[in-house]
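# Observations on chain architecture
So the chains spell out like this:
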Amino acid sequence: MLIEIPRRTEIFGSVEINELQRVLKLDSGGFTNPRVKDIPFEELKKVLRRLAIVIPVKDESTQLLDGVLRSIPFDCSIIVVSNSERDKHDLYKMEKDIITKLHDLTQQEILGIHQKDPDLGFAFYEAGYDYLLDKDNLVRDGKSEGMIAGMLLAKSLGKDFIGFADADNYVPGSVREYVLDYAAGFCMSNSPYSMVRLHWRYKPKVVEDRLYFKRWGRVSESTNKYLNLLLSTNTRFETGVVLTGNAGEHALTAKLADIMSFSTDFSIEPYHFVYLFDVFGQKAKEILDLDVASSGIEIFQIETLNPHIHEEKGEKHIKNMLLSSLSTIYHSDLCNDYVKSKVLDELKELLETGEMPGENIVMPPIGRIDANKFTKLLEGQSETFVKFEQGAIEREVENEE
Ligand SMILES: Nc1nc2c(ncn2[C@@H]2O[C@H](COP(=O)(O)OP(=O)(O)OP(=O)(O)O)[C@@H](O)[C@H]2O)c(=O)[nH]1
Ligand SMILES: [Mg+2]
């Protein structure tokens, strides 16, 4: 892959945010120059083998899920965490069938679980992690809650890198690129604590019967604006470095996943920044982790070559995302009265007069949970858990011998 080298890096305490980098070519010919980095495919492949892709899914069309599953490079493991309907129609059964068929045909490693499985709730309960459980000890609804389950399963597979891909993507080829972009980010990183966040080149919409290649979504634009304002007011140097505040498509090292707190549902992505700024930024109250402080946390923001074409979820979803994204910023330790007033102005149509943005539920780090023990509680117990191991690699190794 040929990818731009970031021109600038903003440093905020232990957090290094690299400026947006464009993917120049998905393939490359070994040509190097000071402005671009050439990453040979073999290097990407080494990372892919250490990467699990978690796919959170809720009531998406099975055609879309099928395309996304087939697009994930073979070397990665896939983990599907579904919160799809099971009552009227058992959509999860159909998803499980797709997973099973895909494994039969490809031998790729693939795991699946349903978010509402009582055994999943029990595994969290046994691990002493009840922050995402409801009163019946079931995992709450929410994308973030599903992602946390996925991260633990990835850790139980011994993966060093964990990435996410939405299930509602219409273009399987773009999902394949996202995964390669994650691998490229990890190839460039020097710290064991790093994160890769994707920015779409375009998010096309249908306008007057024709495709319009839109650059920015309304929620992303606002979230980025206020995350940048948070940084600017604290460093006193204006910046626009954050361009991936709502990046659902992102990946992080398992070591970083271990020390992060996660905000509920769709506020998980903007909260990554808020958490890192609050806890590891230059105004952090205490140094929590010496290893992190000395290694630094690297954030890469990569502009994809492919546009992002996904299912439109409607105005209500967009409003909820905007409200929960800006609420995380409003409740940051670093948010002063000026930024708070700007956020309130932005949200005035969504809040009643005098109403303040509610605080999102935040779930503490998962680093203390024994992921193997957690997964063992599901194996052989849970009705919805499936785990298909990779078959073909063994054959490859045998051939090499
Ligand atoms: N496991 C799980 N997945 C969910 C849940 N809610 C949504 N998802 C999935 O999370 C992914 C992202 O959700 P979308 O609704 O597409 O939201 P988005 O793409 O971030 O937002 P838009 O850009 O507004 O469409 C999709 O694959 C959803 O099916 C949930 O409660 N649990
Ligand atoms: Mg979507």
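Details of the structure are given in the entry above.
No experiment lies behind these values; they were computed from the predicted model shown. (Residues numbered from 1 in each chain as written. Chains lettered and ligands numbered in written order. Predicted model: local features only at pLDDT ≥ 70, side-chain atom pairs only at ≥ 80, totals over all residues. Heavy atoms only, no water.)

## Some words on the overall build of the chain
Regarding its fold elements, the chain presents 14 helices and 17 strands. For the chain, the C-alpha radius of gyration of 21 Å lies close to 21 Å, the compact-globule estimate for 401 residues. Relative to its 401 residues, the chain shows a buried fraction of 53%. With the model as given, the accessible surface of the chain reaches about 18,800 Å², and the carbon-plus-sulfur share is 48%. Looking at the chain, you have 48 positive and 66 negative side-chain charges, and the mean spots of the two groups are 4 Å apart. (Helix = DSSP H or I, 4+ residues; strand = E, 2+ residues; numbered from the N terminus. Rg over C-alpha atoms; globule rule 2.2 N^0.38 Å. Buried < 20%, exposed > 50% of the residue type's maximum accessible area, 1.4 Å probe, protein only. Areas by Shrake-Rupley, 256 points an atom, 1.4 Å probe, with all protein chains shown as cover. Lys, Arg positive; Asp, Glu negative; His and termini not counted. Charge placed at Lys NZ, Arg CZ, Asp CG, Glu CD.)

## Focus: the site of ligand 1
Contacts to ligand 1 come from 19 residues, most closely from P56, K58, E60, D168 and K313. Note that an oxygen atom of ligand 1 is positioned 2.8 Å from one of the backbone N or O atoms of P56. At a separation of 2.8 Å, a nitrogen atom of ligand 1 approaches a polar side-chain atom of Q115. The residue inventory of the shell around ligand 1, partitioned by class, reads 6 nonpolar, 5 polar and 8 charged. (Near = heavy atom within 4 Å. Polar contact = N/O pair within 3.5 Å; in protein donor to acceptor, adjacent residues only side chain to side chain. Nonpolar A, V, L, I, M, F, W, Y, C, P; charged D, E, K, R; others polar.)

## Concerning a nonpolar patch on the surface
Taken together, the side chains of V206, L211 and F213 make up a nonpolar region of the molecular surface, amounting to roughly 320 Å² of accessible area. Tracing the backbone through its elements, the reader meets V206 in strand β11 (residues 203–207). (Patch = residues over 30% accessible without salt bridge, like charges linked within 9 Å, V, L, I, M, F, W, Y side chains within 5 Å. Salt bridge = Lys/Arg side-chain N within 4 Å of Asp/Glu carboxyl O.)

## Some remarks on the side chain of S82
Within the secondary structure, S82 is located in strand β7 (residues 77–82). From its side chain, S82 meets the backbone nitrogen of S84 in a polar contact 3.0 Å long. When sequence neighbours within four positions are dropped, the list of residues in contact with S82 reads V57, Y92, E95, I113, H114 and Q115. (Contact = heavy atoms within 4.5 Å.)

## Quick word on the coordination of the magnesium ion (ligand 2)
In the first shell of the magnesium ion (ligand 2), the protein supplies D168 (OD) and H310 (ND1), at 2.2 Å from the metal. With D168 in the loop between β9 (161–164) and α6 (172–188) and H310 in the loop between β15 (297–303) and α11 (315–330), this pair connects stretches of sequence that are 142 residues apart. Of the two residues, D168 and H310, neither departs from the other in class, the shared state being buried. (Donors = N, O, S within 2.8 Å, 3.2 Å for Na, K, Ca; no water.)

## Remarks on the pattern of salt bridges
This model, assessed by the stated rule, comprises 23 salt bridges. Among the salt bridges present, the one from E19 reaches R8, with a minimum N-O distance of 3.8 Å. Taken as a pair, E19 in the loop between β3 (15–18) and β4 (21–25) and R8 in the loop between β1 (2–4) and β2 (9–12) lie far apart in primary sequence, 11 residues in all. The class for R8 is partly exposed, based on a relative accessible area of 47%.

## Re the packing of aromatic side chains
Following the criterion strictly, the structure yields 10 aromatic pairs and no others. Ring centres of F124 and F374 lie 4.8 Å apart, and the angle between their planes is 65°; on these two criteria the pair is classed as edge-to-face. A residue pair is termed long-range when its members are at least 10 positions apart, and F124 in helix α4 (residues 118–126) and F374 in helix α13 (residues 371–376) qualify at 250 residues. Like F124, the residue F374 is buried in the burial classification. Aromatic pair F161 and F186: ring centres 4.4 Å apart, planes at 25°, arrangement stacked. Separated by 25 residues along the polypeptide, F161 in strand β9 and F186 in helix α6 bring together distant segments of the chain. Three or more aromatic residues joined by ring pairs make a cluster, and in this case those are F124, Y129, Y131 and F374. When the ring centre of Y202 is taken as origin, the NZ or CZ atom of R215, which lies over that ring, is 5.9 Å away. Stacked on the ring of Y330, the Lys or Arg K340 has its end atom at 5.3 Å from the ring centre. (Phe/Tyr/Trp six-rings, centres within 6.5 Å; stacked < 30°, edge-to-face > 60°. Lys NZ or Arg CZ within 6 Å of the ring centre and 35° of its normal.)

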